[in-house]
Amino acid sequence: MAQYFLEQARVADFVAHLLASNTVYAPHRKGSRSYAFAKADDPAAVVLDYPRTLSSVKKFFLPPREVLLNFDLTLDAASVPPVEPGNAVFLGVHSYDLAAVRRLDFNFTTGNPERNYLARRDGARFIGVSYVPDKFHFAGSVGIDPYDMTGCDMFLTKHADGWIVDIPTGEGSELAAGFKLEAHDEPKPPRAHFTQHVFVPQARLGKVMEASYDHPVWNETADACLGCGTCNLVCPTCYCFNVQENVDIACTSGQRERSWDGCMLRGFTEVAGGEFFREKVAARQRHRVYRKFKYISDVTGQPWCVGCGRCTASCTAKISIVEIVNRLIRDSERDESILT
Amino acid sequence: MAKPRVAIFDFTGCEGCELSQLNFEDQLLDILAQVDIVEWREAMDDKADEYDIAFVEGALSTPDCIKRIHDIRRRTKVLVALGACAVDGGVNAIKNLHPIEEVRATVYGQDQYLFPTLPALPLSAVVKVDYNVRGCPMTQAEFLRVFTSLVMGKQFEEPDLAVCVECKLNENECVYERGMICLGPVTRAGCNSHCTNFGQYCIGCRGLVSEPNLKGMNEVLTSHGLAVDEAWKRLQLYNAYRLQGVRA
Amino acid sequence: MEQQIQQFGAGPRELYLPEMAVITEVRRLTELETLYTVELPGGRDLGHKPGQFVEVSLYGIGEAPFSISSSPTRRGSFELGIRRVGMLTDVLAGYAPGRKIGIRGPFGNGIDVSKFTGKDVLIIAGGIGLVPMRSLINYVLDRRDEFGRLIICYGSRSDSELLFPDELAAWEKDPRTEYHVTVDRGTEAWTGRTGVITTLLPGLALDLPNTVACICGPPVMYRFVVMALRGRGLPDQNVYMSLERRMKCGVGKCGHCQINNTYVCQDGPVYNLPDIAKLREAL
Amino acid sequence: MSRDLGLENLDINVKHLTRVEGHGNIVVDMKNGVLHKAQLDIVEAPRYFEALLKGRSFHEAAIITSRICGICSLGHQLTSLKATEQALGLAVTEQTVLLRKLLIHGATLQSNVLHAYFLAAPDFLKVGSVIPLVATHPDVVLRALRMKKLANDIGDAVGGRAVHPITCVPGGFTHVPTADTLRLLRKKMVEQMVPDWLATVETMKALAGAIPVFERPTEYISLRSDGDYALYDGDICSTDTGRVPDSEYRRMTNEFIVPHSSSKHCKVSRSSYMVGALARWNNNHDKLCPEALQAAAALGLKPGCTNPYLNTVAQVVEAGHCALDAVAIIDQLLEMGPRYEKPNQEPTQFGTGIGSTEVPRGILYHEYTYDRQARIVKANCIIPTGQNLANIDDDMKKLVPEVVATKSKEEITSWLEMLVRAYDPCISCSVHMLDVEFME
Ligand SMILES: Cc1cc2nc3c(=O)[nH]c(=O)nc-3n(C[C@H](O)[C@H](O)[C@H](O)COP(=O)(O)OP(=O)(O)OC[C@H]3O[C@@H](n4cnc5c(N)ncnc54)[C@H](O)[C@@H]3O)c2cc1C
Ligand code: SF4
Ligand code: SF4
Ligand code: SF4
């Protein structure tokens, strides 16, 4: 496949080129040292070289809050608000976030396909970028290379002087059309190494998890865990939601709204009669980790964690999912070695 | 259906919650259209004998307060605690941490016996409270949710999540990243993480979640450079009453 | 699954929009439970299987799942037996015939009755668990010849909380139905058996391999009933049970009803015991 | 009740006066023509804030003192921040000062509008509250709501929230409004607030006849600065004795305890003095913008005014100045280009600092002493309503004998209630902060 080159000095021009005929979402600075995807309007404000964003691009397909129904209480009638098709270019997406989008696609198309998600997902084009793993990334361990361009219409690989450009799809060529890119035939610079690793592949992990249901790590983690749900909410593959009714002040109309929810939250499994099905924080921690490495993975063969490191980076209690998993691996291997 | 008769009362507090009620400029007329306000000392002269809903602001801190709150409970069908002082005792309750005689002597010296006082109590310590509108000042959106629930005759389900949840929905940069400490992880959501949306740390005004991991929180605070007693003081700012007898 | 999913856009059906239906009859069963007869527009059939549920919406109040209590063999309308426990059910308790409610569904797998054909059917229902089981009971009664014995074991906290007294009396009289009932604590008027539901099982004469059991009741009941049935030698694959979890969507998206790796609203609420025996969060 | 003019005996007891902030009782006791008592009893429960402040970090001082009073929460915050910044040697930027001044304008506007329309106007129209006015004077009520809302919008946009603002911290702001937000505010101030204020002046003119005529020579104290109409900063200025720096605030307040009030009283040159909008008018009218001066002329408010009932009129005049000066400040901010600045929170010293600002009801003082961990060891706060209490009592003592011969008990009661309300007292504030020396 042909490769091109985009000098660092022309990145803003390239963003401007994209903006001329597309809606573009891209990473921007947020707060004192964070980044977030936002609608681009000033090409100079777009940041391509960043460690990770607060939320992933998930928020565009499954918004943090979304009206499912508008209802009229005087007529006892409800209607579905229109969902605008996405039709946007997502610039600067890391490979693990795109892998997460594919996992969400699976969740929202299997069983009952969901119109809201699929409509927003419609017309999305992705321009990936490579990244240098920091102390939280471990995507390599779940099989997602920083240079992986699956699902991308264009891919930018970091180079000392700019970006090496791949254009794997026709959509990508359309995006590039009219913007002059020099051909480039040198090999890509070698990948930077990950500093975080899960020690075994998913195939073995299923077994490890199987053996770890009653492992002490769940209780130990629960001592420090605040049950705040942050780890769920920042995760690009978490998709659970809560549904709430809002009634306007005149009590004549309102909305049924859904918002992101998380299995670490105490009320998540509460049912009538005040019974909780996963009341203990330890059980919730196990559920969270099993959701990432066992339950859906047993069916699909894929880890449902994409190694972005967000849950660990964002946890105020400094609980690391990698450490939890590696501890399970170590202990299950030790148990096996005792047995054999 | 007759309009619900509403009364509004205040005890020990800053009256910021009542002011926040007046600050519903856009909705005030809608609110007035749905209820009859029959008593509200801060805004009107009228008095009434019975009400369907009483909104009560402030903590209880004198023997007279206790008498009045019993009286209000007898006259009302539903009692709503308005704001941190009424719900949890609010900042008033910090004084409970010091021996009461010492506090009075500090403030009034030899004249202390002119002014009777009790430890600051939330309303629920003395009477049954049906619903809480938390926050300092009360969270306006929660007031509207409680209000519409009451008008529609449904129960109001209090959120039992950490402020972190809303903070993440709003995609804020965590204030710990800015070198500040924050009580969001153990504080009850419902304010749409108002403070952290504005770059300030959560001071915990909405009270603790139902089962806070205080030991864990204390560790988080100390690991971010606060001394243990300082960390505990931050937790007590709005939770002095609830944490009575709990040690750091 | 790593294949690209190409088809996006506005293809799929509306998952979250309820259809407005009318309550045509309200029958107070006990102080807490009420039976609602509900009719879809034009008297259209719901098209459900026994064991399935619907999501009931009251706008401005909320939405909650309820099992369908009537048998699909009874046409034109369906029934919901609902206990007052909270926000939505409190408001619903004040509803009279003529009020509209939103319905989504039927959802869930329901009971595959074809697996029961020709077999003895043992129903074990605790408390409000009788509501969903009633759908199966009436199905069997309406197609009586397709099944073997019909054995109903019903347990309730007290005789004042027994649901569907007319129907209970009818089952008791029906020679082709074996009806057993027990209450935890009877009032003075109670002359029947007292004790928890498991005390009914040892006395039953069962044609073991030819019997299928169906269980529904409060969460604590399951473990003990399963133990008792195993004690009687009933193979696990002959045991079915209906589970209940919190649900926000009913269509396998919101995550609330997940038990280990299974979604109650998709793979359940009716499970064959071997499928969940290993799930630690299930029983 | 019978009409009983020329009473020899008068016994008035208004328990929990309505339409004021906090709890106070009016008590008058006259027997055989001799006035034994005419005073405002403060029965608000004491809250012991000073005990709450001890040992608290400098980050928390303004957060806690803000909770003294919901109505003047912003004033407490800014005063507290000024005291803290002086004590710890934290310099703030020009943008911070401008944003704070803008916030004060918003808070003063909202408080003055609230008082004039919701608390005082019902007296002039002889109704019990603003609620009947919704039916009889809908346009006036809607205008009042619009003005209040817009004033609060300033607090929301700059402070994050009008009651107990969020963004104001020692050394600066945690959040700065964007240029777009400021432009929108400006537009609303110019297109809505200013015309509404002009209409308010007209309404006030129409009601002027209902304002009692009563004069009592009084010492008026407010801040005064060489620059602007002093609200955020200035020297202490008395109509009797002139200007002194705010470090002399203890001499200029002189707190003392009286048995009928859980709030301490104050006096300087005479037995009492007055602070608030009328004091600011008397001291600083020369610094008001021309539009506000025109309004004052139209309303008959003259320099050297000694009728406390006209405090409400002074508030209306001042509201116009706040609205117009807010526009000027926004223009300055826009010119500079608003930008986030990290709050300066690195103490350069640990000692004592004093803050004084004009809050709607008058001068507010905070004084803190910090230890080397930047924790409070000593705090002293003096609240405007506390300063006015002695003056209210003195007014009553002059007013009752003057009117007792010509008015009924109801009329006298109503005049006394109106008098107290004219001061716009913030009673719950007044009891919260008292002179405290912590024992170490
Ligand atoms: C498949 C299935 C079938 C069912 N069939 C029936 C049936 O046939 N008949 C019947 O009566 N019931 C049935 N249920 C149970 C019924 O759905 C629940 O009782 C439902 O919660 C009632 O709704 P509600 O709004 O009245 O109660 P809620 O107000 O939802 O209260 C119920 C409980 O949930 C808790 N809760 C609710 N929302 C929250 C929240 N946001 N945060 C924290 N806690 C919360 C409450 O504290 C309370 O304990 C069934 C449930 C399932 C899953
Ligand atoms: S983010 Fe950390 S503290 Fe919060 S729930 Fe997750 S693991 Fe627990
Ligand atoms: S800023 Fe506070 S509320 Fe927000 S995520 Fe961080 S700890 Fe939680
Ligand atoms: S963020 Fe914290 S302090 Fe701020 S309003 Fe919410 S609960 Fe109160």
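For the structure itself, consult the block above.
Trainee: Would you mind going over the packing of aromatic side chains with me for this structure?
Mentor: What characterises a pair of aromatic rings is the spacing of the ring centres plus the angle enclosed by the ring planes. Across all of its chains, the model carries 30 aromatic pairs over all chains by this definition. A network of ring pairs unites the aromatic residues Tyr25, Phe60, Phe61, Phe90, Phe108, Tyr117, Phe126 and Tyr239 of chain A as a single cluster. Across from the ring centre of Trp304 of chain A, 5.6 Å away, lies the NZ or CZ of Arg103 of chain A, which sits over that ring. The residue whose ring lies beneath Lys82 of chain D is Tyr232 of chain D, and the NZ or CZ to ring-centre distance is 4.8 Å.

Trainee: I tried to follow the packing of helix α2 (residues 130–142) of chain C against helix α3 (residues 165–173) of chain C on my own but got confused; where do I start?
Mentor: Geometrically, a packed helix pair is captured by the angle between its two axes and the distance between the axes. Residue and element names in this part refer to chain C. One way to put it is that α2 packs onto α3 with a least axis distance of 13 Å and a crossing angle of 40°. As far as their axial angle goes, α3 and α2 are oblique. Handedness of the α2/α3 crossing: left-handed. When α2 is examined against α3, the residues Leu130, Arg134, Ile137, Asn138 and Leu141 are found in contact with a partner set consisting of Glu167, Leu168 and Trp171. Class assignment for the residues of the contact of α2 with α3 results in five nonpolar, one polar and two charged.

Trainee: Can you help me understand the site of ligand 1 in this one?
Mentor: Lining the immediate surroundings of ligand 1 are 25 residues, of which Glu270 of chain A together with Pro65, Arg83, Met87 and Thr89 of chain C lie closest. In this structure, ligand 1 is bordered by residues of chains A, B and C. Between an oxygen atom of ligand 1 and a side-chain N or O atom of Glu157 of chain B, the distance comes to 3.4 Å. Contacts to ligand 1 include Gly81 of chain C, whose backbone N or O atom sits 2.8 Å from a nitrogen atom. The protein chains hide 83% of the 950 Å² of surface that ligand 1 would expose on its own.

Trainee: Before we go on, may I ask you to explain the interface of chain C and chain A in this structure?
Mentor: Accessible area lost upon the coming together of the parts serves often as the stated size of an interface. Facing the 42 residues of chain C at the interface are 56 residues of chain A. Of the roughly 4400 Å² buried between chain C and chain A, counting both surfaces, carbon and sulfur atoms make up 55%. For the pair chain C and chain A, the number of links is three salt bridges. Residue Glu281 of chain C pairs with Arg278 of chain A through a salt bridge whose shortest N-O separation is 2.7 Å. Counting residues per element, the ones that place at least two in the side of chain C that touches chain A are β3 (53–58) and β4 (62–67) of chain C.

Rules and cut-offs
- Residues numbered from 1 in each chain as written.
- Chains lettered and ligands numbered in written order.
- Predicted model: local features only at pLDDT ≥ 70, side-chain atom pairs only at ≥ 80, totals over all residues.
- Heavy atoms only, no water.
- Phe/Tyr/Trp six-rings, centres within 6.5 Å; stacked < 30°, edge-to-face > 60°.
- Lys NZ or Arg CZ within 6 Å of the ring centre and 35° of its normal.
- Axes fitted to C-alpha atoms, helices over the stretch in contact; angles between N-to-C directions.
- Helix = DSSP H or I, 4+ residues; strand = E, 2+ residues; numbered from the N terminus.
- Parallel < 35°, antiparallel > 145°, perpendicular 65-115°, else oblique.
- Left-handed = near helix turned anticlockwise from the far one by under 90°.
- Contact = heavy atoms within 4.5 Å.
- Nonpolar A, V, L, I, M, F, W, Y, C, P; charged D, E, K, R; others polar.
- Near = heavy atom within 4 Å.
- Polar contact = N/O pair within 3.5 Å; in protein donor to acceptor, adjacent residues only side chain to side chain.
- Areas by Shrake-Rupley, 256 points an atom, 1.4 Å probe, with all protein chains shown as cover.
- Buried area = accessible area lost by both parts, 1.4 Å probe.
- Salt bridge = Lys/Arg side-chain N within 4 Å of Asp/Glu carboxyl O.

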